[in-house]
Each structure stands twice: as C-alpha cells, then as structure tokens.
Amino acid sequence: MKSIIFIAPPAGGKGTLSEIICSKYNMPHISTGDLLRNASQFEDERGKYLKEQMGLGTLIRDDIIFDLIKERINEPDCDSGYVLDGFPRNMEQAEVYDQIIKDSGKNLGCVIVLDISKELASKRISGRLSCSNCGRVYNSNFDEMKPKMENVCDDCNSPLIKRFDDNADTYEVRYQTYLDKTQPLIEYYNKKNILYHVDVTKGIDYAIGKIEEIIRGE
Ligand code: AMP
C-alpha cells in the first residue's frame, strides 16, 4: 500500500480520516501531534518545552521532530506503507524527509490536501473531543461524529477529553502557522506530481471514498 501524507489546516480532519484509513487497510497511523502530546506528559525539559510551544500553537523544533519520525518509520510495521498525519509541516521538514526516505529505501507515496474553509475548521475546534485512552476523535458539533454515549469513547469506554490547544486564541496562531509554513508544501509536492485534493466539506464517507480512489490509483 502507498504511504499517505495528509496536509490540512488544524481541525481539517487529518486525524479522523487517518484513523479510518489505517484501520481499514491495517496501516500504521503516525501522528506527530499525538507523539508530541505523549512526550509532553513527561516532567523533563523537553516535556515542558513541548507543552509550552503546543499551548501557544507554534511549531516544535525540527530536530525533535526528525528524531521522532526517523525512529517511528524505521519500525518494522512501517515496511509496507504508513499514514503521516501532521508531518512534514514546513519546507525544511519536507526536504529532510526526502533524504530520510531515500536513505531508508522507502517511497514518498501520495500527498493528499484536505480542503476546508477556515470557518468550518474553527467550528470543529470548539466541539472536538478525543478519547483519553485510545485517542479516537469525536465532535459534539456534528451528528456523524458524536459518541454514542456523551463523553464516553465508543471503542474503549474511556472518558473523552478536550485538547489543551483547542481554544479560539491558539487556533488563530495554528491557522496562521499553517498558512505561512505548511501551505507552501502544496506547491512542493505538486511539482513532484504526487499531490491530490479532497473536499472534506461533503462528509466523511465522501472523503474516504475519494481517498480510496487515490490510493487505488484511479
Ligand atoms: P496536530 O495534532 O497535528 O494538530 O499538532 C498539534 C501541535 O503539535 C501543533 O500545533 C504543533 O505545535 C505540534 N506539531 C505537530 N506536528 C508537528 C511538526 N511536524 N512540526 C512541528 N510541530 C508539530
């Protein structure tokens, strides 16, 4: 299976769509945001730095990200493809990732941009909840994304929590960071002829159908 890189503004749906695709095709889901949120729980220097930066909505230093990515994609479950959710996030990361891929004999796969307006993405932020145990994402503002029982995960019955960086102020910074740092990647991957767009405003089933067409090469 081809690897996938998702590019989307914050709350654009990359976490939810990655989870669905990964469980359907049995692929590892590599979310740098999740890896960083886990690392931020430690009371060491790095943990404090991560919590502070993520709370502000700014990007984490590239050297920390490269260590996480190199370690994760070299694990055996990544041998036949994986989904990258949240990486690369700037041009420097994209260029270094090209080299990492080359050195490890892997393929870039395809890059899928999730198209959504800022207004809709910020509406998602206010209702977004995730499972404190398995990380599954829910949204109380959208019927198709509500848990069956309020504040309880459908999969593992654990309580749902709100992400510490999901608030209106941090969202503004995260969105601006996306425009300044991440959006230039769209042209970078377009030039490599591996770029696709999916409209995520038409519902999850529509988006999944389009992503499946892309990975099947239609
Ligand atoms: P996400 O879960 O993808 O929305 O990411 C949450 C936060 O983690 C971002 O606002 C950044 O602070 C940080 N982050 C995630 N991925 C990266 C990355 N590839 N490079 C730098 N910072 C990142």
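In this text the structure is predicted, and so the values were computed from the model without any measurement.

> Mind showing me how you'd approach the site of the ligand here?
Looking at the ligand, there are 17 residues lining it, with K14, T32, T58, G86 and Q93 nearest. R37 has a polar side-chain atom sitting 3.0 Å from an oxygen atom of the ligand. One of the backbone N or O atoms of I60 is found 3.0 Å from a nitrogen atom in the ligand. Coverage of the ligand by the protein chains reaches 97% of its 490 Å² of free accessible surface. No other element matches helix α2 (residues 32–39), which puts four residues into the shell around the ligand. Of the residues contributing to the shell around the ligand, the split by class is six nonpolar, five polar and six charged.

> Just to check I follow, could you spell out α2 for this structure?
Since the α-helix turns once every 3.6 residues, residues separated by three or four places project in the same direction. Of the positions making up α2, those classed as buried are T32, G33, L36, R37 and A39. Angular distribution of buried residues about the axis of α2 spans 160°; they occupy a single face of the element.

> I would appreciate a short explanation of the pattern of salt bridges in the present structure.
Opposite charge on two side chains permits pairing when their charged atoms draw close. Going through the model one piece at a time under the given rule, you end up with 19 salt bridges. Salt-bridge contacts for R37 lead to D34; the nearest nitrogen and oxygen are separated by 2.9 Å. Residue R37 and its partner D34 are both found in helix α2; the two are separated by three residues, about one turn of the helix. In this structure, the salt-bridge partner of R163 is D165, at a minimum N-O distance of 2.9 Å. In terms of burial, R163 and D165 fall into one category: buried. The network of salt bridges with common partners includes R128, R163, D165, D166 and R174.

> Is there a simple way to think about the pairing of strand β5 (residues 128–131) in this case?
Looking down a regular strand, the side chains alternate between one sheet face and the other. Here β5 shows two buried faces, one formed by R128 and S130 and the other by L129 and C131. Here three bridges tie β5 to strand β6 (residues 137–139), and the two strands are oriented antiparallel to one another. If you follow S130 over to β6, its bridge partner there is V137. With antiparallel pairing between neighbouring strands as the criterion, β5 and β6 make up a hairpin whose turn holds five residues, including G135 at a positive phi of roughly 85°. As paired strands, β5 and strand β7 (residues 160–161) are joined by two bridges and run antiparallel to one another.

Thresholds applied
Residues numbered from 1 in each chain as written. Predicted model: local features only at pLDDT ≥ 70, side-chain atom pairs only at ≥ 80, totals over all residues. Heavy atoms only, no water. Near = heavy atom within 4 Å. Polar contact = N/O pair within 3.5 Å; in protein donor to acceptor, adjacent residues only side chain to side chain. Areas by Shrake-Rupley, 256 points an atom, 1.4 Å probe, with all protein chains shown as cover. Helix = DSSP H or I, 4+ residues; strand = E, 2+ residues; numbered from the N terminus. Nonpolar A, V, L, I, M, F, W, Y, C, P; charged D, E, K, R; others polar. Buried < 20%, exposed > 50% of the residue type's maximum accessible area, 1.4 Å probe, protein only. Arc of directions from axis to C-beta. Salt bridge = Lys/Arg side-chain N within 4 Å of Asp/Glu carboxyl O. Pairing = 2+ DSSP bridges.

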